[in-house]
Amino acid sequence: MTTRLTVAILGPGGIGGLLAALLSRAGHRVICLARAGTADTLRTNGIRVRSGQFGDFGAGVEADTELREPVDACVITVKHTALDAALGRVPAGALGDALVIPLLNGVEHPAVLRARYRPDRVAPAVIRVESTRVAPGEIEHGSPFTEIDLAGDEVPRPLLDTLATALTAAGPVTRVVGDETAALWAKMAFLAPFALLTTRYGLPLGEARTRHRDELQALVAETAAVSRACGAPTDPAQALARYDSFPPATKSSMQRDAGAGRPLELDAIGGALLRAADRHGVPAPVTARLVGELRAAGH
């Protein structure tokens, strides 16, 4: 039988709301941390999920504006642009020995979290899912899969295994991987070219990969070279094949944020990639140009 956990969810949006509802439905205690209005709504109405994979269901959760008691784990699902402000809802003293599981884009956030919380409890993870918050407590899960890779080089393995077991039993297929650098860069190597190209030209992936093929190939090659230099080999040909397999209308989350006038995770993705390239002396001229053009456009 899966151990009953108490899990805080910082940022109950598309991903956080889905995980909160699934964990609650599986019998775990869930505390969502959010702004006062959202917290009130979640306390009153719970979370409703519409999902082809998991069915349509509702789940009750607790909610607050700040963590006030010990938990087993705190899952961080805010955007990188909101991270600093959101962490104010999770005082280190209240968190104690809990696992901290950031599901953020980019590769630099683990160091930020380890400077604030117990370094040996920060367990970076990546998630593959398409899930959207259409209103507070209303989640639409569109992908036919929900998969999590859970890492944490310094975290005791039994803690990771316990959480992975609970998540898998709740729905998301979760595996513990042995190299957090490889896990984070595997996502970065896929995400950065996709996000930068589609956002720069305002095109869905199908048009972007056709009309700007040379730039896509250059972005993939540059990102793979930086990833290799950071100790996480990636396969450029495999990345291109993945892009070609996606439906033509696919948009990156960065592109959707740009269209909605929301802050972009440009620094967490493009900026972090260029900083890593500079540290290792890896040329990345196409990446630098696209990031510069996006910044010049006010992003």
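Everything below is about the structure shown above.
The paragraphs below set out a description of the structure included in this document. Please read these numbers as outputs of a predicted model, since none were measured by experiment. (Residues numbered from 1 in each chain as written. Predicted model: local features only at pLDDT ≥ 70, side-chain atom pairs only at ≥ 80, totals over all residues. Heavy atoms only, no water.)

Let us look at the sheet that holds strand β10 (residues 138-141). Spatially, the four strands line up as an open sheet ordered β4-β3-β10-β9, and their pairing is mixed. In the strand order of this sheet, the two ends are held by β4 (57-59) and β9 (131-135), each with one partner. Each adjacent strand pair in this sheet contributes to an overall mean axis angle of 25 degrees, direction not counted. Direction of pairing for strand β3 (residues 47-51) relative to β10: parallel, over a ladder of four bridges. The residue bridging Arg 48 from the neighbouring strand is Glu 138, located in β10. Along the sheet, helix α1 (residues 14-25) makes contact with β3, β4, β9 and β10, crossing β4 at roughly 85 degrees. (Pairing = 2+ DSSP bridges. Helix = DSSP H or I, 4+ residues; strand = E, 2+ residues; numbered from the N terminus. Axes fitted to C-alpha atoms, helices over the stretch in contact; angles between N-to-C directions. Contact = heavy atoms within 4.5 Å.)

Right, let's get into empty space enclosed by the protein. By the definition in use, this model includes two cavities of 30 Å³ or more. Quantified by volume, the largest cavity comes out at close to 40 Å³. Together, Leu 19, Leu 23, Val 75, Ile 101, Leu 103, Ile 148 and Leu 167 line the largest cavity. Class assignment of the residues belonging to the lining of the largest cavity gives a composition of seven nonpolar, no polar and no charged. Taken as a whole, the second largest cavity spans an internal volume of roughly 30 Å³. Lining the second largest cavity we find Lys 79, Asn 105, Leu 191, Ala 195, Ser 253, Met 254, Asp 257, Glu 265 and Ile 269. When contributions to the lining of the second largest cavity are tallied by element, the ones reaching two or more residues are α7 (180-201) and α11 (253-260). Considering each element in turn, the lining of the second largest cavity owes the most residues, three residues, to α11. (1 Å grid on protein atoms, 1.4 Å probe; cavity = no way out; pocket = protein on both sides within 12 Å on 5 of 7 lines; lining within 4 Å. Points joined across faces, edges and corners; volume = space filled by probe spheres on them. Nonpolar A, V, L, I, M, F, W, Y, C, P; charged D, E, K, R; others polar.)

In this section: the pairing of strand β6 (residues 73-76). Side chains Ala 73 and Val 75 of β6 all project onto a buried face; the interleaved residues Cys 74 and Ile 76 project onto the opposite face, where all are buried too. Where strand β1 (residues 6-10) and β6 come together, four bridges link them in parallel fashion. Its bridge partner being in β6, Val 7 is matched across the sheet by Ala 73. Sheet topology note: the β6/strand β7 (residues 99-102) ladder contains four bridges and is parallel. (Buried < 20%, exposed > 50% of the residue type's maximum accessible area, 1.4 Å probe, protein only.)

Moving on, we get to the nonpolar core. Grouped together as the largest cluster of nonpolar side chains are 40 residues, with contacts concentrated most on Cys 32, Ile 47, Ile 101, Leu 150 and Leu 163. Aside from chain neighbours lying at most four places away, what touches Leu 150 is Ile 101, Ala 123, Pro 124, Ala 125, Leu 160, Leu 163, Ala 164, Thr 174, Arg 175, Val 176 and Val 177. Phe 190, Ala 192, Leu 216 and Ala 277 belong to the second-largest nonpolar core, a separate cluster that totals 38 residues. (Core = buried A, V, L, I, M, F, W, Y, C linked by side-chain atoms within 4.5 Å.)

Moving on, we get to helix α12 (residues 266-280). For α12, with 15 residues, the first-to-last C-alpha span of 20 Å sits near the 21 Å given by 1.5 Å per residue. Buried within α12 are the following residues: Leu 266, Ala 268, Ile 269, Gly 270, Gly 271, Ala 272, Leu 273, Ala 276 and Ala 277. Tucked inside the fold, the buried residues of α12 contact α7, α9 (213-229), α11 and α13 (285-296). In the segment just after α12, Gly 281 is the residue with positive phi, at about 65 degrees. (Expected span 1.5 Å × (residues − 1).)

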